[in-house]
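Next come the chains, spelled out residue by residue.
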Amino acid sequence: MDTRKRYPLIVFDWDGTLYDSAAVIAECIQLAARDMALPVPDRRTASHVIGLGLHDSLRHALPTLPEAHYAEFLALYRRYFIEREDTLSLFPGVPEMLVGLRERGHHLAVATGKPRRGLERALAASGIGALFAATRCGDETRSKPHPAMLLELMAELARDRSELLMIGDTSHDLGMARNAGVDAVAVAYGAHPPETLNALEPRACVSSVMDLQLWLTTNA
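Residues numbered from 1 in each chain as written. Predicted model: local features only at pLDDT ≥ 70, side-chain atom pairs only at ≥ 80, totals over all residues. Heavy atoms only, no water.

> It is not clear to me how the pairing of strand β2 (residues 107-111) should be interpreted in this structure. Could you clarify?
Looking along a regular strand, one sees side chains alternate from face to face of the sheet. Counting buried positions along β2 gives four out of five residues, so the element sits mostly inside the fold. For strand β1 (residues 9-12) and β2, the ladder comprises four bridges, and the chain directions are parallel. The partner of Leu9 across the bridge, within β2, is His107. Sheet analysis places β2 next to strand β3 (residues 134-136), joined by three bridges and oriented parallel. Bridging from a neighbouring strand, Ala111 pairs with Arg136 of β3. Handedness of the crossover is the feature at issue here: the chain leaves β2, passes through helix α6 (residues 116-126), returns alongside β3, and the resulting connection is right-handed. (Buried < 20%, exposed > 50% of the residue type's maximum accessible area, 1.4 Å probe, protein only. Helix = DSSP H or I, 4+ residues; strand = E, 2+ residues; numbered from the N terminus. Pairing = 2+ DSSP bridges. Right-handed = clockwise from strand over helix to strand, strands pointing away.)

In structure tokens, the structure reads:
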């Protein structure tokens, strides 16, 4: 039986999926927690919240932080992240993969927990912003795993659930896809480990951009 399925719309998470930033995000969370004399989350906990909106992230990673101090924490986190931003880049092979998808007729989009300002900086630095037909950010709509980002992208680009594929590196991405009723592929080179991703039963769980490109060429 032919298991190939064409997806006119492919939606990517950003951090840890296209952009090699998950380790830096986790480090900045830890540094900001240290500066505020909070219990410093371990690497797994700090990585787990990548992709969530601000309040959801802080409630999970720093449960003792009063909400009244969220702005202070965020200012520290941003300072550390911006100091390191120039060291970040796309994963090798990402531009070529995206260009190939566009050439084969796919529309591409981004659904990310990043704030709009942060995504625009990253798109400008990476030079790939023109490849995306639409984007949604964590400060514009409901946080993952709520399906709002995907539902809004489908509405904007006039696509239905059967035509969309979500690709991400966290359980939040896969949960969002499940809640939206769309297919998903997991990448295991970002924030969450393969066992966490596979528990949500994506169509595939790949270990590199090269493997992702091969899967998409064969199945999308």
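Here the narrative resumes, following the displayed structure.
> What exactly am I supposed to notice about the nonpolar core here?
In a soluble, globular protein the nonpolar side chains are often hidden away together inside. Counting 61 residues, the largest nonpolar core has Phe12, Trp14, Phe73, Leu98, Leu212 and Leu216 as its most contacted members. A per-element tally of this core places helix α1 (residues 22-35) first, with nine residues. If sequence neighbours within four positions are ignored, Phe12 has contacts with Thr17, Leu18, Met97, Leu98, Leu101, Leu108, Ala109, Val110, Ala111, Met166, Ile167 and Leu212. Grouped together as the second largest cluster of nonpolar side chains are 20 residues, Leu9, Met154, Leu157 and Leu197 included. (Core = buried A, V, L, I, M, F, W, Y, C linked by side-chain atoms within 4.5 Å. Contact = heavy atoms within 4.5 Å.)

> I would appreciate a short explanation of the side chain of Asp15 in the present structure.
Along the chain, the position of Asp15 falls in the loop between β1 and α1. A polar atom in the side chain of Asp15 sits 2.4 Å from the side chain of Ser21. The residues touching Asp15, leaving out its near neighbours within four places in the chain, are Ser21, Ile25, Ile50, Thr112, Lys114 and Asp169. (Polar contact = N/O pair within 3.5 Å; in protein donor to acceptor, adjacent residues only side chain to side chain.)

> I would appreciate a short explanation of the packing of α1 against helix α4 (residues 70-84) in the present structure.
For the pair α1 and α4, the least separation of the axes is 8 Å and the interaxial angle reads 135°. The orientation of α1 with respect to α4, classified from their angle, is oblique. In terms of crossing hand, the pair formed by α1 and α4 is right-handed. When α1 is examined against α4, the residues Val24, Ile25, Glu27, Cys28, Ile29, Leu31, Ala32, Ala33, Arg34 and Asp35 are found in contact with a partner set consisting of Phe73, Leu76, Tyr77, Arg79, Tyr80, Phe81 and Arg84. By residue class, the composition of the contact of α1 with α4 is twelve nonpolar, no polar and five charged. (Axes fitted to C-alpha atoms, helices over the stretch in contact; angles between N-to-C directions. Parallel < 35°, antiparallel > 145°, perpendicular 65-115°, else oblique. Left-handed = near helix turned anticlockwise from the far one by under 90°. Nonpolar A, V, L, I, M, F, W, Y, C, P; charged D, E, K, R; others polar.)

> Would you explain the environment of Gly190 in this entry?
Relative to the helices and strands, Gly190 resides in the loop between β5 (183-187) and α9 (194-198). Look at Gly190 and you get partly exposed, because its relative accessible area is 27%. When the C-alpha positions of Gly190 and Asp211 are compared, they lie 14 Å apart, and in sequence the two are 21 residues distant. Non-local contacts of Gly190, meaning those with residues more than four positions away in its chain, are made with Gly16, Ala22 and Asp169.

> Can you help me understand the sheet that holds β5 in this one?
The strands making up a sheet associate through hydrogen bonds between their backbones, and the pairing can be parallel or antiparallel. Sheet architecture is open: six strands sit in the order β3-β2-β1-β4-β5-β6, paired in parallel fashion. In this open sheet, the two edge strands, each paired with only one partner strand, are β3 and β6 (204-206). Geometrically, the sheet is characterised by an average inter-axis angle of 20° between neighbouring strands, direction not taken into account. Across the sheet, helix α8 (residues 171-180) lies against β2, β4 (164-168) and β5, angled at about 175° from β5, the strand it touches most.

> Can you walk me through the pattern of salt bridges in this structure?
When the charged atoms of two side chains with opposite charge come close together, those side chains can pair. Per the stated rule, a full pass over the model turns up 16 salt bridges. The residue Lys144 makes a salt bridge to Asp13 at a minimum N-O spacing of 2.9 Å. Pair noted here: Lys144 is in the loop between β3 and α7 (148-157) and Asp13 is in the loop between β1 and α1, with a separation of 131 residues, a long-range link. Overall, the relative accessible area of 1% leaves Lys144 in the buried class. Between Lys114 and Asp15 there is a salt bridge, with the nearest N and O atoms lying 3.4 Å from each other. On the criterion of sequence distance, the pair formed by Lys114 in the loop between β2 and α6 and Asp15 in the loop between β1 and α1 is long-range, its members being 99 residues apart. Like Asp15, Lys114 is buried. One network of salt bridges, in which partners are shared, links Glu27, Arg34, Asp35, Arg79, Glu83 and Arg84. (Salt bridge = Lys/Arg side-chain N within 4 Å of Asp/Glu carboxyl O.)

Function cannot be read off these values alone, since they describe shape.
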